[in-house]
Amino acid sequence: SEDDDDDDDDDDDNPAMLQSAALIKLIVSVLKDVIISTDYGTTYERMNDKVGYKTVLSYLYICPKNKRKIMLLTDPEFESSVLVSTDEGSSFQKYRLSFYVLSLLFHPSEEDWALAYSHDQKLYSSVDFGRKWQLIHEHVTPSRFYWSVSGLDKEPDLVHMEAHTHDGDVQYVTCRAQMCSETNRIFPFRGFIDISSLVVQDDYIFIQVPTSGRATYYVSYKREPFIQIKLPKYSLPKDLHIVSTDEKQVFAAVQEWNQNDTYNLYLSDSRGIYFTLAMENVRTTRGLAGNQMLDLYEVAGIKGMLIANRRQDNQVKTYITYNKGRDWRLLQAPPTDLEGNDIHCVLPFCSLHLQLQTSENPYLPGTISTKGSAPGVIVATGNIGAELSYNNVGMFISSDAGNSWRAIFEEEHNVWFLDSGGALVAVRQPSVPTKHLWISFDEGRQWTQHSFSSVPLFVDGVVVEAGAENHILTFFGHFSHRSEWQLFKIDYKSVFSGRCTEEDYQTWHLHNQGEPCVMGQKQIYMKRRPGNYCMLGKDYSRILSAESCICRAHDFECDYGYERRGDGNCRPAFWFNPSSLWRVCSHGQNYLNSTGYRKVVLNNCTKGVKETYTARKQLCPHRAPKGLTLTTKDGKLTANLATNVSFLVHLDEGDSLRTNVQLDFGDGTAVSYSNLSWIEEGIKHVYKAAGIFRVTALAENTLGYDSTTLFLHVICPVEHVQLLAPFVVIRNKEVNITALVLPSHPRTVTYFWWLGNNSEPVITLDGSVSYSFPSEGFHSITVQVSSANVILQDSKIIAVRGFFKSLLLSFSPNLDELNPDIPEWRQDVATVIKTVTDFPEDQLLVAVFPGIPTAAELFLLPHKNQSEGRKRSEEQLERTSDIIVTALNQNLVEFELKPGIYINDIVPAPAPLVDSSPRHSSSAMLMLLSVVFLGLAVFLIYKFKRIYCHFSFLLVFNSEKAWSEQIYSYTSIIKDRYISILYISEIKDRNIFSLYN
């Protein structure tokens, strides 16, 4: 479909119609058949021999700049190829593809340039009309890629896209189509954006930035730096859609925090930054694909004119505006029905309501239709009453831009504009079969019926050849749901008497309920006189004249931060301080002091109240800094270690050019700037250590100062956690449990301790916790460590008894040669040792220590809950210990680690009995502190990967005699290792700790 040059608002290129200056060809693709007509649908020719009889096609594309060029895509289930024609389908060349094409996007001005989006989210470019393709970028968001905009982007082959990083974040990326290596990519917005938020449209680029709990939107006007969009303070949007940007401002639909099935309509200034409310609670409907569709319609051919359905008091009513939402009113119902009977419908209790849905079928019009070449003519489905209803609907038409309406059909019809809007064709909706169509040449006042089929047809769509000398309609549909497609060619040229002359036209004045000034000017149009059957043609002029009007109040809307009150005046909202507009300007400079009003964008009025309502230039006052705020650019209070953090400093009041700003990052570094203009893009800093940092900003000038503080958590994901706890503990005695975290970053890790059978964890910021187990048995303990969205855990089983006996073991050097020093190996060796000692499994535990040389500790446990015969049980443990020590000393205990390799040189070193009595309290401490030193050894192994290990054994005795008796037995174990001895002596019931190295 090709129409007038300025008629781009409602006439999209139809993919089933090809048009050039000399020839029109109609191509129909049905499964694997391609059929072409070169005589406007009179005859058709199959093209299977040109594309291959076995070729199964999936999509057909026509180059919008040169409609002689066609691309056919094959069905990827059979093959992945593209067929290219440069002669309107007379011949095709086939090219293999290495990817499956999901969609194509042609360049707006270069006919051979195209972008292809693949099934695996890759974006490709071609500069030779599909013959060769080059990869641009991987992991691109569907439908979020755009060609450059002429006059705004420097390079015509620039591509805007939304791409994903390897970490799953989303970025806005630009690069040239054939030069998009990593070094050639540009990131116009520094930081990550929300998925599917990039919109490149006309003069504007929009993105949404991920923030915690609240959406933040940014706009770039004419490729300037991004600026945060300013909605009213408490709009708190849940969702935002860009409705249009084609009239030098942005129409945005915002769903606010308290809305579910309605949106508020906002209009921006020309830069798309400051938005003001145009209408509340605009209704939405669900499309066939489940997408939400806004009940808002821009009338083609008349700027500033919109129609919207608004929900109010549980009713939906239709409103119309002629000044871009500054004023709205209800639609006046027709005075009579189709039979000429009077309709008693009095505003505001009764009015006309219209359905405003656009069609999801490209070959059928929506429930409302207008055309830029037919200004003032509106055809829509609707009803008359107190609210919008889908019962008792009919078709209505307005010839004077919505001021008055007439009923034209009692049932729903699809209506097409022909002859540049000079004729209307109507057909019943596809749900009802028909063999008639109706044509009107006087804007719907009279209709003539014509039969196009002898059998009623379900009309699936109509292809309209518009804007050229030929006047042809092609109907396609089916007689029944099981029948094949039927094509009907209708040539309506013969009904015209010839081309229109000046005598065939009359003037029409655009008005709003008699007010001749619409959008600040008086507009006079040329229309064909009713009853004349002449052809308008493509080149006739519609606007005869446009004269500017004197500015009046309705030419101005409320400025940002102002609201219209009951008396019609704009006053500041409760949250807005008008002085905020000059708070950060510099002394001696000028700022625009708002009057509370701004002229409606594209309004052409002059003089009158323009000077009264227009913002005035005033000198900036000199003020002390006030209202200093400090945030990160992404709005988060966390940052990853060794990454750039951007801090934003904002000042509500003060001289921006004469206020010194200092920023202390809290890690020993600070920066200072002489004025705020240097830091508009943010202050960057890289932290080299994890932790919580106090970041302080200070703004100061000759009149005073202000300061603010931010606490930033610099985090680093944990890689390893090890739970350090004794293997055996005494019942009802507090024991220390420690989690060793690597790498170690204090104050940024949260610990969750699951102890015993507790249903809730103990949560700490410290890596250790004290706990006493009330009952004997085997208890499970688990620690979970959370840091930087990473959670790791480790678990252990602890034996709880009233008393126990332990032996320290060392092994022959050949065991060290086979020791990989990993937890699994130590567990397996411990199991083997338990097996060869031939002792009841529930009364024997073996713990192999980390490191080289290999050492272990053997625990002898009494029977569970053995309260009677305590002395006998202790004696039994002592006897068992002596037996094991004797057997080990005589090399009677051995095990085979590998075929032919036996471990039999196991050296024991007995330790005193450990129980819950006071005289053995220091022995219990032995177990605890030994584990702590063991954890330190593990850290050394992890940190330095050293071949040898420095072990520290902590020996605790009750007296010097015990020390002298036991030190020799430990000497055989210590050998070449270092030893740290903690000597505890009890003096006057107080423990004095002396450290001997």
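Residues numbered from 1 in each chain as written. Predicted model: local features only at pLDDT ≥ 70, side-chain atom pairs only at ≥ 80, totals over all residues. Heavy atoms only, no water.

The name given to the chain in an unreviewed UniProt entry is VPS10 domain-containing receptor SorCS3-like, with the source organism recorded as Gouania willdenowi. Taken from UniProt, the Sequence similarities (unreviewed entry) comment for the chain reads in full: "Belongs to the VPS10-related sortilin family. SORCS subfamily." Taken directly from UniProt, the Subcellular location (unreviewed entry) text for the chain runs: "Membrane". (UniProt positions renumbered as here; feature names shortened; annotations may be inferred.)

Moving on to the overall build of the chain. Assigned secondary structure in the chain consists of 7 helices and 77 strands. The proportion of buried residues among the 997 residues of the chain is 50%. Contacts spanning at least 24 positions in sequence make up 51% of the contacts within the chain whose residues lie at least 6 apart. For the chain, the computed accessible surface area is about 48600 Å², with 50% contributed by carbon and sulfur atoms. (Helix = DSSP H or I, 4+ residues; strand = E, 2+ residues; numbered from the N terminus. Buried < 20%, exposed > 50% of the residue type's maximum accessible area, 1.4 Å probe, protein only. Contact = heavy atoms within 4.5 Å. Areas by Shrake-Rupley, 256 points an atom, 1.4 Å probe, with all protein chains shown as cover.)

Over its 20 residues, helix H5 (residues 870-889) runs 29 Å from end to end, which matches the ideal 28 Å to within 8%, given 1.5 Å per residue. Along H5, the residues classified as buried are Ser-873, Glu-874, Leu-877, Thr-880, Ser-881, Ile-884, Val-885, Ala-887 and Leu-888. Buried residues in H5, looked at end-on, bunch into an arc of 165°, giving them a common side. When the buried face of H5 is taken as reference, the exposed residues oriented beyond 90 degrees from it are Lys-871, Arg-872, Ile-883 and Asn-889. A positive backbone phi angle near 55° is found at Asn-891, which sits one or two residues after H5. (Expected span 1.5 Å × (residues − 1). Arc of directions from axis to C-beta.)

Applying the stated criterion to the full structure yields 36 aromatic pairs. Taken together, a centroid distance of 3.8 Å and an interplanar angle of 5° make the contact between Phe-99 and Tyr-124 stacked. Of the two residues, Phe-99 is situated in the loop between strand E8 (93-96) and strand E9 (101-106) and Tyr-124 in strand E11 (residues 123-126); the sequence distance between them amounts to 25 residues. Comparing Phe-99 with Tyr-124 shows no difference in burial state: the two are buried. Note on Phe-556 and Tyr-613: the rings are 5.0 Å apart at their centroids and 20° apart in plane angle, and the pair reads as stacked. (Phe/Tyr/Trp six-rings, centres within 6.5 Å; stacked < 30°, edge-to-face > 60°.)

Inspection of the entire model under this criterion finds 6 disulfides. The side chain of Cys-345 participates in a disulfide bridge whose partner is Cys-350; the two sulfur atoms lie 1.9 Å from each other. Disulfide Cys-345 to Cys-350: torsion about the S-S bond roughly -105°, handedness left-handed. For Cys-350, a relative accessible area of 14% corresponds to the buried category. (Disulfide = S-S within 2.5 Å.)

Attention now goes to helix H4 (residues 823-836). If you check H4, its first and last C-alpha atoms are 20 Å apart, about what 14 residues at 1.5 Å a residue would give, namely 20 Å. Residues of H4 that are buried include every one of Trp-825, Arg-826, Val-829, Ala-830 and Ile-833, and no others. Burial along H4 is one-sided: seen end-on, the buried residues are contained in an arc of 135°. Away from its buried face, by an angle of more than 90 degrees, H4 presents the exposed residues Gln-827, Asp-828 and Thr-835. Its buried side turned inward, H4 meets helix H3 (813-817), strand E70 (844-848) and strand E72 (895-898).

Sheets are built from strands that pair by backbone hydrogen bonding, the pairs being arranged parallel or antiparallel. The 4 strands are arranged E16-E17-E18-E19 in an open sheet whose pairing can be described as antiparallel. Only two strands of the sheet have a single partner each, and these edge strands are strand E16 (199-201) and strand E19 (227-228). (Pairing = 2+ DSSP bridges.)

Counted by the stated rule, this structure contains 24 salt bridges. For Lys-527, the salt bridge identified is with Glu-443, shortest N-O distance 3.4 Å. Within this pair, whereas Lys-527 is found in strand E44 (residues 521-528), its partner Glu-443 is found in the loop between strand E36 (436-440) and strand E37 (448-451), the two being separated by 84 residues in sequence. Comparing Lys-527 with Glu-443, the two get one shared label, buried. (Salt bridge = Lys/Arg side-chain N within 4 Å of Asp/Glu carboxyl O.)

A few words on the nonpolar core. Among the nonpolar cores identified, the biggest contains 28 residues, and Phe-189, Leu-198 and Ile-207 are the most heavily contacted of them. When contributions to this core are tallied by element, the ones reaching two or more residues are strand E15 (170-176), E16, strand E17 (204-209), strand E18 (216-221) and strand E21 (251-256). Counting residues per element, this core draws most heavily on E17, at 5 residues. Beyond its immediate chain neighbours, meaning those up to four positions away, Leu-198 contacts Arg-144, Tyr-146, His-160, Met-161, Glu-162, Tyr-172, Ile-193, Ile-205, Phe-206 and Ile-207. Tyr-297, Leu-356, Trp-405 and Trp-508 belong to the second-largest nonpolar core, a separate cluster that totals 26 residues. (Core = buried A, V, L, I, M, F, W, Y, C linked by side-chain atoms within 4.5 Å.)

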